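Chain by chain, the residues run as shown.
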Amino acid sequence: MKRIVTIQDISCVGKCSLTVALPIISAMSVETAIIPTAVLSTHTAFKGFTFTDLTDDIKDIVNHWKSEDLDFDAIYTGYLGSLRQIEIMKWLFDTLKTDTNSIIVDPVMADHGKFYTGFNQDFADNMANLCQKADIVVPNLTEATFMLKMPYIESGYDKQYIYDILQGLFKLGVKYPILTGVSFEEEKLGVMAYISDTDEYFEYYNDKLPIALHGTGDIFASAFTGAYVNEKGLKESLKIATDFVCECMKCNLNDKDARWYGANFEEAIPYLINRIK
Ligand code: PXL
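So, how was this worked out
Residues numbered from 1 in each chain as written. Predicted model: local features only at pLDDT ≥ 70, side-chain atom pairs only at ≥ 80, totals over all residues. Heavy atoms only, no water. Patch = residues over 30% accessible without salt bridge, like charges linked within 9 Å, V, L, I, M, F, W, Y side chains within 5 Å. Areas by Shrake-Rupley, 256 points an atom, 1.4 Å probe, with all protein chains shown as cover. Salt bridge = Lys/Arg side-chain N within 4 Å of Asp/Glu carboxyl O. Helix = DSSP H or I, 4+ residues; strand = E, 2+ residues; numbered from the N terminus. Buried < 20%, exposed > 50% of the residue type's maximum accessible area, 1.4 Å probe, protein only. Lys, Arg positive; Asp, Glu negative; His and termini not counted. Charge placed at Lys NZ, Arg CZ, Asp CG, Glu CD. Pairing = 2+ DSSP bridges.

(A) Layout of a nonpolar patch on the surface. A contiguous nonpolar patch, built from V13, W260 and Y261 and spanning about 300 Å² of accessible area, is present on the exposed surface. Here V13 is to be found in strand β1 (residues 3-13). Residue V13 is classed as partly exposed on the basis of its relative accessible area of 38%.

(B) Quick peek at a negative patch on the surface. A cluster of acidic side chains, namely E68, D69, D71 and D73, defines a negative patch on the protein surface. Summarising the element assignment, D71 is placed in the loop between α2 (55-67) and β4 (74-77). Relative accessible area serves as the criterion here: at 46%, D71 is assigned to the partly exposed category.

(C) Molecular detail of the pattern of salt bridges. Under the definition given, this model contains 15 salt bridges. Among the salt bridges present, the one from E266 reaches K15, with a minimum N-O distance of 3.2 Å. Of this pair, E266 sits in the loop between α8 (234-250) and α9 (269-276) while K15 sits in the loop between β1 and α1 (18-27); the two residues are 251 residues apart in sequence, bridging distant segments of the chain. Exposure remark for E266: the relative accessible area of 40% places this residue in the partly exposed category. Of the charged contacts, one joins K235 and E200 as a salt bridge, the two residues approaching to 3.0 Å between their closest N and O atoms. One end of the pair, K235, is in helix α8; the other, E200, is in strand β11 (residues 200-207), and 35 residues separate them in sequence. Taking relative accessible area as the criterion, K235 reaches 34% and is therefore assigned partly exposed.

(D) Structural detail: the sheet that holds strand β10 (residues 188-195). Reading across from one edge, β3-β2-β1-β4-β5-β8-β9-β10-β11 is the order of the nine strands in this open sheet, with mixed pairing throughout. Looking at strand neighbours, the two that pair on one side only are β3 (51-53) and β11, the edges of this open sheet. Note: β1 against strand β2 (residues 31-42), nine bridges, orientation parallel. By the bridge assignment for β2, I4 is matched with T32.

As far as function goes, none of this settles anything; it's purely spatial.
Encoded structure:
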């Protein structure tokens, strides 16, 4: 069985990060080892959340795994809560990298042109630095432009704008930069990627749904990681992840108040299992 490790927080309520990655990747028949970076009562869009930092445990966990000769087909990082955690991820990548595994970084920090609570430009600069060690990155448009210090354009941009962002990420050293939340037509939303070994751009869109939900970036990155580790290839993995996010959001069309509670991805898991068979 393939095995990955994902490193992100546990938000006890508000389906995102590990409570999304663990069930989704496991459902795709991939063993999902975890390193929780922090425990929060909810994600940070709620008011008054608790936060217990687990940074001090990370190196001990990895060192124990090394002593057991464990290795991983992918290393996938999501929400990281501090500059110190970013520094530790650099060490973790160096320690767990093999000739064949992939490092996938989702530089979670912002959306819709704004940083999430607790993040700033200094964090974006440091995250850009971490991305240099990644094989694949999956930022949204906001995260990518903040990391590259490019202007963030909400809508009405042209293809060249997206090409420039993907090239910027490639120049950081990322083999396959992916950009989520790309939209050239009002009713379509999707992803674009640059595939450096064939020097080609890939794009894939779905109908835009009239709903915005927290945690869909985490659902996308998790489903992509699961499909990619299942050897579906980059393009097919992007299609599977994009379609799955859409299926998850359809489950919320009658539950629009759920914005901060995340997508009802649980109901779309049978769809995902069918897709990767
Ligand atoms: O979905 C990304 C995410 C993950 N974890 C925590 C968050 C967020 C986004 O706000 O606050 C704790």
